[in-house]
Amino acid sequence: MGAYDFDHAIDIAWCPGCGDFRILTSVKDALDELELDPRTVVFVSGIGQAAKTPQYLNAHYFNGLHGRTLPPATAIKASNPGLVVIAQSGDGDTYGEGGNHFMHAIRRNPDITNIVHNNMVYALTKGQASPTTRQGFVTPVQIHGVTQEPFNPVAVAIALDASFVARAFAGDTRQTTDIIKKAITHKGYALVDIFQPCVTYNKVNTYGWFKQNTYTLDDSYDPTDREAAFRKATEPGKFPLGVIYIKTGKPTFEDGLSLYRQDARPLYQRTVDMETLRGLVDSLRT
Amino acid sequence: MVFKPREDISIVFSGQAGQGLQTLEALLTRMLKRSGYNVFSYSEYMSRIRGGNNSTQVRVSSRRVTAYTRRIDLFVPLHENAMERFHDRITQETVILGDRDFIEERYLDGHHPVLEVPINEIAREKGGAVYANTVLLGILAGLFYVDSDLMHNEIRMILSGLGEDRLRKNLDASDEGYERSKKLLKPGQAAVSIERTAEVRDEILTDGINAVGLGGLAGGCTFVSSYPMSPSTGVLVFFTKKAESSGVVVEQTEDEISAVNMAIGSWYAGGRALVTTSGGGYALMVEGLSLAGCIESPLVIHLGQRPGPATGLPTRTEQADLQFALYSGHGEFSRAILAPGTHEQGFSHTRHAFYLADKYQVPVFILTDQFFLERRYNLPDLDMSKMYDQRFIVQTRADYRRYALTESGISPRGIPGFGEGRVRVDSDEHDEDGFITEDFSTRTAMVNKRLKKLSGLQKEVLAPQLFGPDDYRNLVVCWGSSLHAVQEGLDMLGRDDTAILHYSQVYPLAEVTADYLERAHRKIVVESNATAQFARLIRSETGIGFDGAILKYSGLPLMPEDVCEGLNEKLGKKESTHGRV
């Protein structure tokens, strides 16, 4: 039993065979292999099937609003930089409802890991298109097939010079675990977009389809070359898996917070400095 | 006497955006206060960066003054169109001072007292038109018998960033104005008859922004996330300036949705967070409010009201978001709404908001408005006796349950990283551990838990304040920033059978409300909105209606004259006997 397993049976709401089970395993394995103390690990999620993942781990969690994983995750890290913060949600939550926060979280660069279950469909609401749904995919709402260009989170993240961008496939648990470990240990915002088969609402992008349409980047690939990374992110044909881009040495959001420069204590350990306050009040007398 | 002998003089200067009226306002109020006068100032301005017409009222007085008046005793036009919007406020008792070019013909008919001073010409002689404001400052310093050294000190303090040459020219310009003011008086003639008080010199001179900001620091605020929106932005700027010295995380977010979700995230991790916004921005935060309600997160929302709907009048004032603050957020949960009336309350109530939010794990509003935030006046002190020292966070044990059911509805609040337990919060309905549940009896228990906290909040309600006789015949009810206009308006009316009941907490409604209202023969409500929102709240809570309402929603602040005339009309003749019948 790992540190993040419960000592009792739990009722999981996912369909049998769902890619989310594989991701749950990879996340727990990554945390165990990194020997992270569960008292210091906080999961933040939004709404959707992916967003339920933290329910099934023995860790702290903040399961907030649809699309709003990244603002609270950023704030939790900023309020107590000693915590390990993992924002975990689906493609609809992160790239659709939360698209604006996705862009600005990358710009802010908090030291958090952002795991996105990308199944190219809305499952919890029964099969409508997501921002990453492939063109032509027929749904109960997009009845003539999706016409819009799918959102490319990897290319967008590289365009925003994100500090860590990776893609994984849920079917390969070992590789996914390794990528998540790299993302967690990376200092700065780390995106891990994980292809996740949805066995109920996506009969096109199946385990087999993902296997046929992906390949793993080999050791000769240099993830620090931004232009090469952008080419990889946008090249037609098969999708590359692995760490696609790393920008090292980028200051984090917490690094930029002036209050921690003199005093590293997290916010909960602080009290009102009466002398400073009295001084501020008295400065209004002159 | 240049001015009618009065205890207070209302000065209005009127110019364009970009003419430096704000600097003049700061210099003049500081200088007058430092020389012992009670001062008040408020600027009304258009939503533009250059041009248009803006004006600032500065009241100088023997006693404390805190309201914006229609009456103008001294009008200073600083631009060609400066008088256009003031025809109904300039009377034959208003002294007009300034450049001949800026005074409209109609006021040169011999029936209006005019003091012509070529302010711009003097400014040009002293180095350029930019010195016009300090020439005017010098003239006013002279008319109000301000010591010239004191005037110089203030100019040095406020304009120190200009560099030595321009500072020197400003000082010269003020000296020239000061000299000219003496020539405006006939031999032996005095300009004003306002008494000065030594104690006032060292009093606090503040606007509402500083009062709310300092109250936040006093309440232990450590996190502010917001998106700029008039008139709430000043509070964000306040915290930005204090971030390093007072230990506050301050972030300008991509939108108000992010702001509120960050604030809730910070509370979850042990921060004490505030968002500052106005109606439109708050509209975007509403789902977050409901989140705070569901996960029982503390949250402090400073809602600086301005006239809506939609973009409305961005730079003007109104009290029309009370019902919005009260009913916003889907689902049912407890909340509290504070509405400070004075700057002392701006400080104490913001501090109190952090206490209530933390103790009851609910959203708490500080409902202000543009007038409240931007008017400034002097006051003796801020009450620093009840500081934030109570901590409501617990160190968790391994068996910690975030939503443990209790008698009061309040569960001990743990945070991640402090103790052995897991802290799970969920926007889905959840059980005592914080796990998602669809168990109907748990659901019912959780709704009851969230609503039960209202009775605790009710026990701690800040009581409304009664001003005037206990045995009143008429009762005038007001809330938030309307207090001072109502007080001064009633003074003008001079009725001793009428009292004022002012609410600085509007929700939960104080239980004494019905008692106060039932004792009154006539009940009048005064509010800066069109639909008497507070009266509706009182009626829904007590079943008691009002006999009349004085409502203002033009975008300008409520004035004592509005209240005096309104009450005069609504109260009718004073009865020979007053009090309870």
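Everything numeric in this text was worked out from a predicted model, so none of it was measured.

Draft legend 1. The arrangement of the overall build of chain A in detail. When its secondary structure is counted, chain A shows ten helices and eight strands. The C-alpha atoms of chain A give a radius of gyration of 20 Å, which matches the 19 Å a tight globule of 286 residues would have. For the C-alpha atoms alone, the extent of chain A along its principal axes is close to 70 × 50 × 40 Å. In chain A, which comprises 286 residues, the proportion classed as buried is 51%. Residue pairs in contact within chain A that sit at least 24 positions apart in sequence constitute 71% of those at least 6 positions apart.

Draft legend 2. Here's a closer look at the sheet that holds strand 2 (residues 60-63) of chain A. Taken in spatial order, the nine strands of this open sheet run 7(A)-8(A)-5(A)-6(A)-4(A)-3(A)-1(A)-2(A)-17(B), and their pairing is mixed. Among the strands making up the open sheet, the edge pair consists of strand 7 (214-216) of chain A together with strand 17 (424-426) of chain B. Averaged over all neighbouring strand pairs, the angle between strand axes comes to 20 degrees, with direction disregarded. By the bridge criterion, four bridges tie strand 1 (residues 41-45) of chain A to strand 2 of chain A in an arrangement that is parallel. By the bridge assignment for strand 2 of chain A, Phe-43 of chain A is matched with Tyr-61 of chain A.

Draft legend 3. Inspection of the domain arrangement of chain B at higher detail. Segmentation of chain B into domains returns domain 1 (8-202), domain 2 (206-379), domain 3 (393-459) and domain 4 (465-571). Placing a centre on the C-alpha atoms of domain 1 of chain B and another on those of domain 3 of chain B gives a separation of 58 Å.

Draft legend 4. Up close: the environment of Ala-30 of chain A. Residue and element names in this part refer to chain A. Tracing the chain through its elements places Ala-30 in helix 1 (residues 19-33). You can call Ala-30 buried: it has 25 C-beta atoms within 10 Å. Sequence spacing of Ala-30 and Lys-181 is 151 residues, and the spatial spacing of their C-alpha atoms is 5.3 Å.

Draft legend 5. Region of interest: the interface of chain B and chain A. Residue-level contacts link 54 residues of chain B with 46 residues of chain A. Elements represented by at least two residues in the side of chain B that touches chain A include exactly strand 7 (204-207), helix 6 (208-218), strand 8 (223-226), helix 7 (233-246), helix 8 (256-268), helix 9 (279-295), strand 16 (413-419) and strand 17 of chain B. Sorting elements by how many residues they give to the side of chain B that touches chain A places helix 8 of chain B first, with eight residues. Grouping the constituent residues of the side of chain B that touches chain A by class yields 27 nonpolar, 16 polar and eleven charged.

Conventions adopted
Residues numbered from 1 in each chain as written. Chains lettered and ligands numbered in written order. Predicted model: local features only at pLDDT ≥ 70, side-chain atom pairs only at ≥ 80, totals over all residues. Helix = DSSP H or I, 4+ residues; strand = E, 2+ residues; numbered from the N terminus. Rg over C-alpha atoms; globule rule 2.2 N^0.38 Å. Buried ≥ 20, exposed ≤ 12 C-beta atoms within 10 Å, placed from the backbone. Contact = placed C-beta atoms within 7 Å. Pairing = 2+ DSSP bridges. Axes fitted to C-alpha atoms, helices over the stretch in contact; angles between N-to-C directions. Domains from an automatic or database assignment. Nonpolar A, V, L, I, M, F, W, Y, C, P; charged D, E, K, R; others polar.

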